[in-house]
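Analysis of the macromolecular model
Here is how the chains run, residue by residue.
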Amino acid sequence: MATDAQIRDVLSNVTTATITTILLKKGLRNVWLRGTKPLRTGQPRLVGRAFTLRFVPAREDLATPESWSSPRSTRAAIEAMPEGCIAVVDAMGVTDAGIFGDILCARMSKKGVAALITDGVVRDVAGVLATNLPVWCQGAAAPPSVAGLTFVGWQEPIACGGVAVYPDDVIVVDDDGAVLIPAALVDHVLETAPEQERLEGWIMKQVEGGASLPGLYPPNDDNKARYAAETKR
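Residues numbered from 1 in each chain as written. Predicted model: local features only at pLDDT ≥ 70, side-chain atom pairs only at ≥ 80, totals over all residues. Heavy atoms only, no water.

1. Notes on the overall build of the chain
Our working definition: Strands here mean DSSP runs of E at least two residues long; helices mean DSSP runs of H or I at least four residues long; both are numbered from the N terminus. Burial classes: relative accessible area under 20% of the type maximum marks a residue as buried, over 50% as exposed, and values in between as partly exposed (1.4 Å probe, protein chains only). The Shrake-Rupley method, run with a 1.4 Å probe sphere, supplies the accessible areas, and residue values consider only the shown protein chains as cover. The charged-residue count follows a simple rule in which Lys and Arg add positive charge and Asp and Glu add negative charge, with His and chain termini not counted at all. For the purpose of locating charges, the reference atoms are NZ of Lys, CZ of Arg, CG of Asp and CD of Glu.
Counting its secondary structure elements, the chain contains 7 helices and 11 strands. Put simply, the chain has 233 residues, and 44% of those count as buried. As displayed, the chain offers around 11500 Å² of accessible surface, 54% of which is attributable to carbon and sulfur atoms. Of the side chains in the chain, 23 bear a positive and 27 a negative charge, and the two mean positions are spaced by 3 Å.

2. Overview of a nonpolar patch on the surface
Definition in use: Every patch collects residues that have over 30% relative accessible area and no salt bridge, joining them within 9 Å if they carry like charges and within 5 Å if they are nonpolar side chains (Val, Leu, Ile, Met, Phe, Trp, Tyr). By salt bridge we mean one thing: a side-chain nitrogen of Lys or Arg within 4 Å of a carboxyl oxygen of Asp or Glu.
A surface patch of nonpolar side chains, amounting to about 390 Å² of accessible area, comprises M204, V207, L213 and Y217. One can find V207 in helix α6 (residues 186–208). On the accessibility criterion, V207 (34% relative accessible area) is partly exposed.

3. A word on the pattern of salt bridges
For the structure on display, the rule yields 7 salt bridges. Here R107 makes a salt bridge to E79, at a shortest N to O gap of 2.8 Å. Separated by 28 residues along the polypeptide, R107 in helix α4 (residues 102–110) and E79 in helix α3 (residues 74–79) bring together distant segments of the chain. Using a relative accessible area of 37% as the deciding quantity, one classes R107 as partly exposed. For E79, a relative accessible area of 42% gives the class partly exposed. A salt bridge links E230 to R226, with the shortest nitrogen-to-oxygen separation between them at 3.7 Å. On the criterion of helical spacing, the pair formed by E230 and R226 is a turn pair, its members being 4 residues apart in helix α7 (residues 221–232).

Quick look at the structure:
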């Protein structure tokens, strides 16, 4: 079983597009978290274990400013986040209540959290950007989370962007959004993804040289043999 450092080293060089193709071949079609767009352009590809948080619809007796001081709060959840994790937040796709603002994101950044991923939105967007915490979300909204959501817990299975996310699944996120790798399939992806990237790089060179696509992408036996011979050299 690969270490987290090995997972980061390998997958930081693998696109989310390649990962979705590999998982598709294993029968998994629903691994791309809908609505996860980079809040800032040019953010690096990031890899980390999922630390999950979950909101449910707001209920007036629970979704109050006083709830921010509760032992079961976003504040307490952030303090439980380990360095290097990727916080994945189920905000049910709500886009008119910001789940986190600049202060919470600043604390996550100080703790070494790798990124925040949510199918919802953040608030205090200028301040969030200033924290340098990488964020993928659906945008920004001024109202606080309790205007539309109730926080209920962390480190349990969630749905984010229509995808089932379990604690310690691996998340890879880049300009195409966030992709989940189930923990049980991480080693398979590590074994196959680098070779898939090398093959596609070779195919791209053939296309740039004027080659046609039939028999090349995907490669037939002749092109597989050419690829093997050239990469061996």
